[in-house]
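The lines below spell out each chain.
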Amino acid sequence: MSIPSSARVLVVGAGPAGMSCALSLWHSGVKDVVIVDAVPNGNGNDTSRAMAIHAATLEALDSIGCTDALVERGIKVGNMNYYDRAGSLLMEADFSALIGKTPFPCYLLLPQNITESVLDQKLKDAGIVVRRPYKVVDMKENPKDGNVVDVLFENGQSITAQYVIGADGAQSAIRQLSGIPFSDPDFPPDQPEAANTLAQMVIADITFDGTPYITDKFFAIISTTSFFALAHLKYAADGSKDTTGKTVFRMACGVPQTDGVPPSKSSVQYCQELIEKYGPYSLSCDKSKNPHAIKVCDVVWSTRFRTRYAAAVNFFTRFGSNNNDGGSARATGARVCLIGDAAHIHPPAGGQGMNLGLRDGISVGPVIAAALTAGSSPESDEKVRAHMALRRERAMKVIGITKFMAGAVGMSPTFQSKFAWSPVHIYTIRDWVLWALCKSKWIRETVAFKFSGLEDP
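Residues numbered from 1 in each chain as written. Predicted model: local features only at pLDDT ≥ 70, side-chain atom pairs only at ≥ 80, totals over all residues. Heavy atoms only, no water.

## Section: the overall build of the protein chain
Link 1 in the chain: When helices and strands are counted, the protein chain shows eleven helices and 20 strands.
Link 2 in the chain: For the protein chain, the proportion of its 457 residues judged to be buried stands at 54%.
Link 3 in the chain: Within the protein chain, contacts between residues at least 6 apart in sequence are counted, and of these 74% link residues at least 24 apart.
Link 4 in the chain: Counting every atom, the protein chain has about 19300 Å² of accessible surface; 54% of that belongs to carbon and sulfur. (Helix = DSSP H or I, 4+ residues; strand = E, 2+ residues; numbered from the N terminus. Buried < 20%, exposed > 50% of the residue type's maximum accessible area, 1.4 Å probe, protein only. Contact = heavy atoms within 4.5 Å. Areas by Shrake-Rupley, 256 points an atom, 1.4 Å probe, with all protein chains shown as cover.)

## A few points about the pairing of strand 6 (residues 89-94)
Link 1 in the chain: Across the six residues of strand 6, five count as buried, placing the element largely inside the fold.
Link 2 in the chain: The sheet contact formed by strand 5 (residues 79-83) and strand 6 spans five bridges and is antiparallel. By the bridge assignment for strand 6, Tyr83 is matched with Leu89. (Pairing = 2+ DSSP bridges.)

## Comments concerning a negative patch on the surface
Link 1 in the chain: Together, Glu59, Asp62, Asp68 and Glu72 make up a region of like negative charge exposed at the surface.
Link 2 in the chain: For the negative patch, the secondary structure elements donating two or more residues are helix 2 (55-62) and helix 3 (67-73).
Link 3 in the chain: Counting through the fold element by element, Glu59 comes out in helix 2. (Patch = residues over 30% accessible without salt bridge, like charges linked within 9 Å, V, L, I, M, F, W, Y side chains within 5 Å. Salt bridge = Lys/Arg side-chain N within 4 Å of Asp/Glu carboxyl O. Lys, Arg positive; Asp, Glu negative; His and termini not counted. Charge placed at Lys NZ, Arg CZ, Asp CG, Glu CD.)

## Considering the environment of Pro16
Link 1 in the chain: Looking at the element boundaries, Pro16 is found in helix 1 (residues 16-27).
Link 2 in the chain: Judged by its relative accessible area of 9%, Pro16 is buried.
Link 3 in the chain: Sequence-wise, Pro16 and Gln112 are 96 residues apart; in three dimensions their C-alpha atoms are separated by 8.0 Å.
Link 4 in the chain: If near-sequence neighbours (up to four positions away) are discounted, Pro16 is found in contact with Gln112, Glu116, Leu119, Met354 and Leu358.

## Focus: the pattern of salt bridges
Link 1 in the chain: Counted according to the given criterion, the structure contains twelve salt bridges.
Link 2 in the chain: A salt bridge links Arg132 to Asp37; the shortest N-O distance between them is 3.3 Å. One end of the pair, Arg132, is in the loop between helix 4 (112-125) and strand 8 (136-141); the other, Asp37, is in the loop between strand 2 (33-36) and strand 3 (52-53), with 95 residues separating them in the sequence.
Link 3 in the chain: Classification of Asp37 by relative accessible area gives buried; the value is 11%.
Link 4 in the chain: Note that Lys450 and Glu455 form a salt bridge whose closest N and O atoms lie 3.0 Å from each other.
Link 5 in the chain: Taking relative accessible area as the criterion, Glu455 reaches 40% and is therefore assigned partly exposed.
Link 6 in the chain: Counted as one network, the salt bridges with shared partners bring together Arg318, Arg335 and Asp381.

## Some remarks on helix 2
Link 1 in the chain: Buried residues dominate helix 2, accounting for six of its eight residues.
Link 2 in the chain: Those residues of helix 2 that sit buried are Ala55, Ala56, Thr57, Leu58, Ala60 and Leu61.
Link 3 in the chain: Residues of helix 2 that are buried in the fold lie against strand 3, helix 3, strand 7 (107-109), helix 4, helix 7 (353-374) and helix 11 (441-452).

## Regarding the sheet that holds strand 12 (residues 200-208)
Link 1 in the chain: In spatial order, the strands read 6-5-13-14-15-12-16; together these seven strands make up an open sheet with mixed pairing. The sheet is open, and its two edges are formed by strand 6 and strand 16 (296-306), each paired on a single side. For this sheet, the mean angle separating the axes of adjacent strands, direction not counted, is 15 degrees.
Link 2 in the chain: Relative to strand 13 (residues 218-222), strand 5 is paired through three bridges, and the arrangement is parallel. Residue pairing for strand 13: Tyr82 is matched across the bridge by Ala220.
Link 3 in the chain: This element, helix 6 (residues 268-278), spans strand 12, strand 13, strand 14 (227-233), strand 15 (248-254) and strand 16 of the sheet and lies at about 80 degrees to strand 16.
Link 4 in the chain: The strands that helix 11 touches are strand 5 and strand 6; relative to strand 6, the one it contacts most, it runs at about 60 degrees. (Axes fitted to C-alpha atoms, helices over the stretch in contact; angles between N-to-C directions.)

## Points about the packing of aromatic side chains
Link 1 in the chain: Scanning all chains against the criterion turns up six aromatic pairs.
Link 2 in the chain: For the ring pair Tyr134 and Phe153, a centre distance of 5.1 Å and an interplane angle of 85 degrees mean the geometry is edge-to-face. Of the two residues, Tyr134 sits in the loop between helix 4 and strand 8 while Phe153 sits in strand 9 (residues 149-153), which places them 19 residues apart along the sequence. Take Tyr134 and Phe153: they sit in the same class, and that class is buried.
Link 3 in the chain: Look at Phe208 and Phe249: their rings are 5.6 Å apart centre to centre, the planes differ by 70 degrees, and that puts the pair in the edge-to-face class. One end of the pair, Phe208, is in strand 12; the other, Phe249, is in strand 15, and 41 residues separate them in sequence. (Phe/Tyr/Trp six-rings, centres within 6.5 Å; stacked < 30°, edge-to-face > 60°.)

## Things to note about the packing of helix 1 against helix 7
Link 1 in the chain: At a minimum axis distance of 7 Å, the contact between helix 1 and helix 7 shows a crossing angle of 25 degrees. When the axis of helix 1 is compared with that of helix 7, the two are roughly parallel. You can see that helix 1 and helix 7 cross each other, and the crossing is right-handed. Contact with helix 1, carried on its side by Pro16, Ala17, Ser20, Cys21, Ser24 and Leu25, involves Met354, Gly357, Leu358, Gly361, Ile362, Val364, Gly365, Pro366 and Ile368 of helix 7 and no other residues of that element.
Link 2 in the chain: For the contact of helix 1 with helix 7, the class distribution of residues is ten nonpolar, five polar and no charged. (Parallel < 35°, antiparallel > 145°, perpendicular 65-115°, else oblique. Left-handed = near helix turned anticlockwise from the far one by under 90°. Nonpolar A, V, L, I, M, F, W, Y, C, P; charged D, E, K, R; others polar.)

## Some remarks on the sheet that holds strand 3
Link 1 in the chain: Reading across from one edge, 3-7-4 is the order of the three strands in this open sheet, with antiparallel pairing throughout. The two strands at the open ends of the sheet, each matched to only one other strand, are strand 3 and strand 4 (75-77).
Link 2 in the chain: Of the strand pairs in this sheet, strand 3 and strand 7 are connected by two bridges, and their pairing is antiparallel. Paired with Ala52 across the two strands is Leu109, which belongs to strand 7.

If you want it as structure tokens, here you go:
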């Protein structure tokens, strides 16, 4: 598919953040928007796929007409509980605390590819087609107009745009070409944070040869060596409804580095081994632990990834050749905004990553629309700059929350060694603390409110 020679706004990346941004722009009156993606076919890349949509994100999606279709296809859940392997409750997030604060006092379990298919259909309904494959290879200042940029693609085509939205993932070409640094906000690149037991993870959609004996739609296990979660899904990984009579489950498991590198595609045997080693005893095939033993029957889809914390120094810049500081102070050049994984990445603790990216994309639409209406002026620039600075502040809060959670679940060997003197294992102390905190209704409700995103939408 060919591409126009120019557009007011170019969105690079057609994941959840990019598609929601394009829809938000369209709903805000910006009809001259082009969205491209480097992947030939949507939903075809084996990357980490989110499965939870929180209340603040559902509210944002409602503003662009997407929530009803998503709720219809997902599973509404009112709690997010964390257990030990024996099934004792350690921590609970009680989403009933959101009743009266939001129309969506829950979170939605829905595979990311289904979320993307809903967003893609909404784009088509608006007359916007994702152009594929368009891989960005360069950006150059336009020789005739200093307020636009020429974006060049691998296929030799190009487009001139006033605004470029970088929604092209953690390896963002837009971010790199704009000269914006991307690193852990708490640790310099030459002194990275010590890896914990969640440094690498496996995610798989699986079926069992029976009915798993678990009590929750989302069932998470905190152990001394890893983190394991199992969630009901209404749809299979390929987006089809289940026709086999078997429920599809999303499995997520941290794989300690001492176990080696996970396979690129998880087999039935490998998923079963992870369950036996890190999952709840209620799923074990060991009859002494589980008299109702069942086994993994099929792996519908799987992926592996390494976890990382990083954020762009700026989420907004004016593109130009003197971009030594990411262009944060430039008064000329096309406007570049970063959203989603192009702006921030972190482990999937609490299901925050895609949610933050969706709210990035939806919130920036009306801000850019207002700036385009006002025309090129320092005032309109400052409003966009201020908004993107606020998005960065909120990303820093989410990174802080996920660091705390990942640190509590998968403590680094360096941290564990500090407590080698203790007669009680550090994980036992952690479990006692979590169990005690969980007795407080205020704690359970506060955790749910933090997860929901309503505090900082």
